[in-house]
Amino acid sequence: MKLKNQRQLMEAIHKIGRRKTAVARVYVAKGKGNITVNKKDMADYFTTAPLQYKVNQPLVMTNNDGNFDITVNVYGGGITGQAEAIRLALSRAMCEVDAENRAILKPEGLLTRDTRMVERKKVGQKKAR
């Protein structure tokens, strides 16, 4: 079983997405539409509907939901930042699957890295501002 999974990952498309301090590594391979996040089912990892929507957004927009098995390793940040990091990585992977998907995802802003980070706390102050 383990060897099969490694072989499947070798044939997969690998992309990275980042948001705030969250980093997501996404492996996309042909399959039945299973999404695994940190060795858990996506519905178990992201319990709220808006977060599940964010993760599925690139797949739904490109009509690829159910065509690929997706394995995600994500760490850092909060749950929302992780969902948005996965969304960016999946968008990049969908562009590699088919170049025409870029024209669908780009106008929605799904291929743009959100560079905003938490501002540092200043000396002598309680908070950043």
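The preceding data block contains the structure.
Below you will find a few notes about this structure. (Residues numbered from 1 in each chain as written. Predicted model: local features only at pLDDT ≥ 70, side-chain atom pairs only at ≥ 80, totals over all residues. Heavy atoms only, no water.)

With respect to the element layout, Gln82 can be found in helix H4 (residues 79-97). Excluding residues that lie within four positions of it along the chain, Gln82 makes contacts with Ala22, Tyr45, Phe46, Val74, Tyr75, Gly76 and Gly77. (Helix = DSSP H or I, 4+ residues; strand = E, 2+ residues; numbered from the N terminus. Contact = heavy atoms within 4.5 Å.)

Turning our eyes to something else, we now look at the packing of helix H3 (residues 49-61) against H4. As a packed pair, H3 and H4 sit with axes 8 Å apart at the nearest point and diverge in direction by 10°. In terms of orientation, H3 and H4 fall into the roughly parallel class. On H4, the residues that touch Leu51, Lys54, Val55, Gln57, Pro58 and Leu59 of H3 are Ile79, Thr80, Ala83, Glu84, Ile86, Arg87, Leu90, Ser91 and Met94. Here the contact of H3 with H4 is composed, by residue class, of nine nonpolar, three polar and three charged. (Axes fitted to C-alpha atoms, helices over the stretch in contact; angles between N-to-C directions. Parallel < 35°, antiparallel > 145°, perpendicular 65-115°, else oblique. Nonpolar A, V, L, I, M, F, W, Y, C, P; charged D, E, K, R; others polar.)

With 13 residues, H3 extends 17 Å between its outermost C-alpha atoms, agreeing within 8% with the 18 Å of an ideal straight helix rising 1.5 Å per residue. Considering bend angle alone, the principal kink of H3 is centred on Val55 and spans about 45°; proline Pro58 follows within four residues of it. Turning to H3, its buried residues number three or more, namely Leu51, Val55, Gln57, Pro58 and Leu59. Taken together, the buried residues of H3 touch strand S3 (35-37), helix H2 (42-45), strand S5 (68-75), H4 and helix H5 (101-105). (Expected span 1.5 Å × (residues − 1). Bend = angle between axes of the 7 residues up to and from the residue. Buried < 20%, exposed > 50% of the residue type's maximum accessible area, 1.4 Å probe, protein only.)

A word on the nonpolar core. Val28, Val37, Phe46, Ile70, Val72, Ile86 and Leu90 are the most contacted members of the largest nonpolar core, which has 28 residues in total. Here this core takes eight residues from H4, the largest share from any one element. Excluding residues within four positions of it along the chain, Ile70 makes contact with Val26, Tyr27, Val28, Asn34, Ile35, Thr36, Leu59 and Leu90. (Core = buried A, V, L, I, M, F, W, Y, C linked by side-chain atoms within 4.5 Å.)

All chains considered together, the criterion is met by seven salt bridges. A salt bridge links Lys15 to Glu96, with the shortest nitrogen-to-oxygen separation between them at 2.7 Å. Linking Lys15 in strand S1 (residues 13-19) with Glu96 in helix H4, this pair joins segments that are 81 residues apart in sequence. A salt bridge links Asp114 to Arg116; the shortest N-O distance between them is 2.9 Å. Because the salt bridges share partners, they merge into one network encompassing Arg19, Lys54, Glu84, Asp114 and Arg116. (Salt bridge = Lys/Arg side-chain N within 4 Å of Asp/Glu carboxyl O.)

A word on the pairing of S5. The sheet contact formed by strand S2 (residues 22-30) and S5 spans eight bridges and is antiparallel. Bridge pairing in S5 places Val23 opposite Tyr75. Across three bridges, S3 lies against S5 in parallel orientation. Residue pairing across strands places Ile35 opposite Ile70, the latter belonging to S5. (Pairing = 2+ DSSP bridges.)

This paragraph deals with the sheet that holds strand S4 (residues 40-41). Taken in spatial order, the five strands of this open sheet run S1-S2-S5-S3-S4, and their pairing is mixed. A strand with exactly one partner marks an edge of an open sheet, and here the two such strands are S1 and S4. Sheet contacts for H4: S1, S2, S3 and S5; angle to S1, the most-contacted strand, approximately 145°.

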